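Letter by letter, the chains look like this.
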Amino acid sequence: MEKTSADLLKKVRKIEIKSRNLSHQIFAGEYHSAFKGQGMAFSEVREYQPGDDVRAMDWNVTARLGTPYIKVFEEERELTVMLLIDVSRSGLFGTAVQTKRDLIAELAAVLAFSASINNDKVGAIFFSDRVEKFIPPKKGRTNLLHIIREIIELEPQSDKTDVSVAFRYLASVIKKRCNCFVLSDMLDVDGEGNPGYEDALKIAASRHEMSIIEVFDPRERTLENVGLIHVKDSETGQTRFVNTASRKVRDDYAYWFTTVEAKAKRLFNRYKIDSVGISTTDDYVVKLKELFR
């Protein structure tokens, strides 16, 4: 147990250092520019000057001092950032540098530190086909490390995925408009490849600013010709033999995956949701900067 705890702390520390450095050096300014405040907050009053908007006049101060004064407002910078983190079994898949869940951990940490640098609150919803854990939005390093530890350590009660559960939970527990980042492979589709979460996403997007980061492994998009293989669905446990030597099998699979991605992209565009796909072999710095822009 001690060795496990030590390994966990080491991994948390490694992710913290890398994410904090990236956030300070690269993302802090772009994050601030991309995700502005939710409104304007009162700052002070000052004497009226020619050209000022008379609608900002502070009539009480004006009457008291006998000189026209106006209210000055500034951008209300403090935001709430929510991370919706997919911890279903499919996240354990990875064929190259890292698993999808490892990548999600780093992405979530970078986003959390970028938000923290800008003095925003950060919270997280961990989900499979149920809400596995909810961390209310707070400020501070302790809260950030709590989120990172859970990404690495949390053992979900369910193996399956239901993204709509996370969207509905977000809408029910976070009442004030927030910036929400969804980190998932988004592989929650029906038999025809249609997203199974449209209704819940529509409601969440009407209440919050949504950004979706689709994490994937290159081997998920295409099948290599390696002959007859025995595959297992990590979420349902179902197994079957697949003849990857068949050109038709490979083409049909590639077409299915392309169709799933295209339908998801159309859905995101319909509700004006920014999205980006990031592979386990990508330089995610480039991809995140693309999303922020």
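Calculation notes
- Residues numbered from 1 in each chain as written.
- Predicted model: local features only at pLDDT ≥ 70, side-chain atom pairs only at ≥ 80, totals over all residues.
- Heavy atoms only, no water.
- Helix = DSSP H or I, 4+ residues; strand = E, 2+ residues; numbered from the N terminus.
- Buried < 20%, exposed > 50% of the residue type's maximum accessible area, 1.4 Å probe, protein only.
- Contact = heavy atoms within 4.5 Å.
- Areas by Shrake-Rupley, 256 points an atom, 1.4 Å probe, with all protein chains shown as cover.
- Expected span 1.5 Å × (residues − 1).
- Core = buried A, V, L, I, M, F, W, Y, C linked by side-chain atoms within 4.5 Å.
- Phe/Tyr/Trp six-rings, centres within 6.5 Å; stacked < 30°, edge-to-face > 60°.
- Arc of directions from axis to C-beta.
- Polar contact = N/O pair within 3.5 Å; in protein donor to acceptor, adjacent residues only side chain to side chain.
- Pairing = 2+ DSSP bridges.
- Axes fitted to C-alpha atoms, helices over the stretch in contact; angles between N-to-C directions.

**Looking at the overall build of the chain**
When helices and strands are tallied, the chain shows nine helices and 10 strands. Counting across all 293 residues of the chain, residues that qualify as buried make up 43%. When contacts within the chain are restricted to residue pairs at least 6 apart in sequence, long-range pairs at least 24 apart make up 74% of them. Accessible area of the chain: about 15700 Å², with a carbon and sulfur share of 49%.

**Observations regarding helix H3 (residues 100-117)**
With 18 residues, H3 extends 26 Å between its outermost C-alpha atoms, agreeing within 8% with the 26 Å of an ideal straight helix rising 1.5 Å per residue. Taken across its 18 residues, H3 has 15 buried, putting it largely inside the fold. Positive backbone phi, at 65°, marks Asn119, one or two positions downstream of H3.

**Comments concerning the nonpolar core**
If you look at the biggest cluster of nonpolar residues, it comprises 37 residues, and the most contacted ones within it are Leu83, Ile85, Leu183 and Ile213. Ranked by the residues each element gives to this core, the list is headed by H3, at 11 residues. Excluding residues that lie within four positions of it along the chain, Ile85 makes contacts with Ile104, Ala108, Ala124, Ile125, Phe126, Phe127, Ile151 and Leu183.

**Examining the packing of aromatic side chains**
The way to describe two aromatic rings as a pair is by their centre distance and the angle between their planes. Under the criterion given, the structure shown has five aromatic pairs. Between Tyr253 and Phe257, the aromatic rings sit 6.4 Å apart at their centres with planes inclined by 45°, giving tilted as the arrangement. Of this pair, Tyr253 and Phe257 both sit in helix H8 (residues 247-270), four residues apart, which is roughly one turn of that helix. Residue Phe257 is classed as buried on the basis of its relative accessible area of 5%. In textbook terms, an aromatic cluster arises when at least three aromatic residues are bridged by ring pairs, as seen for Tyr253, Trp256 and Phe257.

**Side note on unusual backbone geometry**
The bulk of non-glycine residues show a negative phi, and the bulk of peptide bonds are trans. Although it is not a glycine, Met186 sits at a positive phi angle of roughly 60°. Residue placement: Met186 occurs in the loop between strand S6 (179-184) and helix H6 (198-207). You can call Met186 buried: its relative accessible area is 2%. Positive phi outside glycine occurs at Lys272, with the angle close to 55°. Structurally, the position occupied by Lys272 is in the loop between H8 and strand S10 (274-279).

**Things to note about helix H9 (residues 284-292)**
Of the positions making up H9, those classed as buried are Tyr284, Val285, Leu288, Leu291 and Phe292. Across the axial projection of H9, the buried residues extend over an arc of 125°, all falling on one side. One side-chain oxygen at the N-terminal end of H9 lies 3.1 Å from the backbone nitrogen of Val285; it belongs to Asp283.

**Describing the sheet that holds strand S7 (residues 209-216)**
Pairing is mixed in the open sheet, where six strands are placed in the order S5-S4-S3-S6-S7-S10. Strands with a single pairing partner mark the edges of an open sheet, and in this sheet they are strand S5 (131-138) and S10. Strand-to-strand twist in this sheet, taken as the mean axis angle between neighbours without regard to direction, amounts to 15°. Sheet topology note: the strand S3 (residues 80-86)/S6 ladder contains five bridges and is parallel. Counterpart to Leu83 in the pairing with S6 is Phe181. Where H9 meets the sheet, its contacts fall on S6, S7 and S10, and the angle it forms with S10 comes to roughly 175°.

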